Amino acid sequence: MDKLVIRGGKPLKGEVRISGAKNAALPIMASTILAHGEHTIERVPHLRDVMTMGRLLANLGAGFHFEDNKTILDCSKINNFEAPYDLVKTMRASVLVLCPLVARFGRAKVSLPGGCAIGARPINLHLMGLEKMGAKIQLESGYVIAKANRLKGASIYLDTITVTGTENLIMAAVLAKGTTILENAAREPEVVDLANCLIAMGAKISGAGDSVIEIEGVDELKPINNYRIIPDRIETGTFMATAGITGGDLVLKDCKPEHLDAVIMKLKDAGVVFKETKKGLRVIGPERLTARDAKTIPYPGFPTDMQAQFMAMMTVANGTSVIKETVFENRFMHVAELKRMGADISIEGGTATIKGVEKLKGAPVMATDLRASASLVVAALCAEGETVIHRIYHLDRGYEKMDEKLRHVGADIERITS
Ligand code: EPU
C-alpha cells in the first residue's frame, strides 16, 4: 500500500490547476445509461472512483474508454442490469446506476451499499422516490431488486437533503411518463451539473440548484457530446486550506469560486486573503490563522466535505474553535490522527472543540476516509518534521495527482510505493 512522506513547514507558492469534480463525474457517467449510443465527457478526473464507475458500466455491457481526462462511454449494448457487491462495496456511488437502469430498461439489481467509515448512509429515500414513481422494489440477500414498466411522474418530498438521492431520482424522472416534482432536493453544484448534462441530452428539467426541481419526462434521450465536467470545489477548497495553513501564496486555475462562497467567507474570517486575478483565484495565507467556528450544512452551507480540512487549519489557529458536523454522524475519524500530531481537540457528539496550538509535529498517521486523508495532508504540510501518511489509497479515490500538484508548488512530499 502506498504511503506519503511529508516534511512540513514550507509555504506553498505557485499555480495549481483544479481538476474536474469527482462528485459530478460519477452521476454524469451513470446518466449515460439513459441513452443508446456513444457519449463523450471531458475534464473527467483520473481517479480510482471514476475507474470503478467505468468498470461498473463496462460490467453492464457498456464500452468504456478513458484517455487524457476524456471518457467515451458506449451504452448501445447494455445487457446486464446488476451492480454486484464487489464493486458497490468499494464505492457507494455505484448506487447511482439504480435509477437510470430502471428508467431505461425497467429493471435493476443493485447491491445495498452498507455503512461506511463516516456513517450509516442508508438509501431509503432513493428507494422511496423510485417506488412512488411506480417501481416494485424488493430487498433480497443484500440486494435491491427494482422493476417497472415505464416509470411515472410523482410528487416526492425528501425528508433529508440527499445529494445522490436527488441525482438518482432526477435520472428516474427524465424518462418517466408525466411530471415529477422533487421537494427539499439537494442544491449542490454537482446536482446542477448533472441536470445541465441531461438537458443537453434532451431532458426537460427546471429548478436544479433550487430546493424544488420539476422534471417533465420525455420518451427518449440522445447521447451527450463533449460535455465538460465542472471543476472540483472540494479539491479547490483543500488547496485553499494548504495555502492558508502554510502561509502560502497559490493561484488556483480553472476553479469556480462561486461554488465555494461559504468556504471562502469562513477562510477570509480566519485571515486568508483572496484575490481574483486573470490567471485564477489567488489565495494568500496569513502568518497565523485566527480560530473560527463552523457548522456543516448542505449546499450552499459549509460543506461536510471540507470539515476535516478546515479542522486541520484550526489546530494551529490562534484561539479556540468549535466545529459542528450535522450531515454525517461519524465524520471525526481524522481527530485521533490529528491528535497524534499534537492537536488539542475534544469531541462531544457531533461537536469538536479545537484549541489552537503553536505547532503540530510530524508523526506516523493513518488515512481513514477520503476527506480525513486530505486533512492529514493539510496538517502535515505545516507540521514540524516528518509525517508519514499510511493507506493513502483513500486519497487516490478523490484527488487527482495531489502529491504531484503539491510538489509542483514547493511541498516536500514523496510517495512511497510498496
Ligand atoms: N440519507 C438518508 N437516506 C437516504 C440518503 C441519505 O438518511 O436515502 C442521509 C445520510 O445518511 C446523510 C445525509 O442524508 O446523513 C446526507 O447524505 P447524502 O445522501 O447527501 O450523501 P451522498 O449522496 O451519499 C454525497 C457525496 C459525499 C458528500 C455528501 C454530502 C457523492 C458521490 N458523494 O454523498 O461525498 O459528503 O453527498 O455532501 O456525491 C466525498 O466526496 O468524500 C463524499 C463523501
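Since the model is a prediction, treat every value here as computed from it, not as a measurement. (Residues numbered from 1 in each chain as written. Predicted model: local features only at pLDDT ≥ 70, side-chain atom pairs only at ≥ 80, totals over all residues. Heavy atoms only, no water.)

**Section: the pattern of salt bridges**
For the structure on display, the rule yields 21 salt bridges. The salt bridge involving Asp 219 is made with Arg 150; its shortest N-O contact spans 3.2 Å. Here Asp 219 is found in the loop between strand 13 (212-216) and strand 14 (227-228), whereas its partner Arg 150 is found in the loop between strand 9 (143-147) and strand 10 (155-157), with 69 residues between them in sequence. Where Asp 403 meets Arg 407, a salt bridge forms, and the shortest distance between an N and an O atom there is 3.8 Å. In this pair, Asp 403 and Arg 407 are both assigned in helix 14 (residues 402-408), four residues apart and thus about one turn of the helix distant. One connected set of salt bridges, linked through shared partners, spans Asp 2, Asp 396, Asp 403, Arg 407 and Arg 415. (Salt bridge = Lys/Arg side-chain N within 4 Å of Asp/Glu carboxyl O. Helix = DSSP H or I, 4+ residues; strand = E, 2+ residues; numbered from the N terminus.)

**Some words on the side chain of His 394**
Relative to the helices and strands, His 394 is located in helix 13 (residues 393-398). With residues near it in sequence (within four places) discarded, His 394 still touches Ala 367, Thr 368, Asp 369, Leu 370 and Ser 373. (Contact = heavy atoms within 4.5 Å.)

**Focus: the packing of aromatic side chains**
Here the structure, examined in full by the defined rule, presents two aromatic pairs. Arranged with centres 5.2 Å apart and planes meeting at 50 degrees, the rings of Phe 81 and Phe 105 form a pair that is tilted. On the criterion of sequence distance, the pair formed by Phe 81 in the loop between strand 5 (70-74) and strand 6 (82-83) and Phe 105 in helix 4 (residues 98-105) is long-range, its members being 24 residues apart. Across from the ring centre of Tyr 143, 4.8 Å away, lies the NZ or CZ of Lys 109, which sits over that ring. (Phe/Tyr/Trp six-rings, centres within 6.5 Å; stacked < 30°, edge-to-face > 60°. Lys NZ or Arg CZ within 6 Å of the ring centre and 35° of its normal.)

**A word on the pairing of strand 19 (residues 320-324)**
The alternating pattern of strand 19 places Ser 321 and Ile 323 on a buried face and Thr 320, Val 322 and Lys 324 on a face that is not buried. Judged from the two bridges that link them, strand 18 (residues 294-295) and strand 19 form a sheet pairing that is parallel. Among the inter-strand pairings, Ala 294 is bridged to a residue of strand 19, identified as Ile 323. A crossover links strand 18 with its parallel partner strand 19, the connecting element being helix 10 (residues 307-314), and its sense is right-handed. The pairing of strand 19 with strand 21 (residues 351-355) spans five bridges and is antiparallel. If you follow Lys 324 over to strand 21, its bridge partner there is Thr 351. (Buried < 20%, exposed > 50% of the residue type's maximum accessible area, 1.4 Å probe, protein only. Pairing = 2+ DSSP bridges. Right-handed = clockwise from strand over helix to strand, strands pointing away.)

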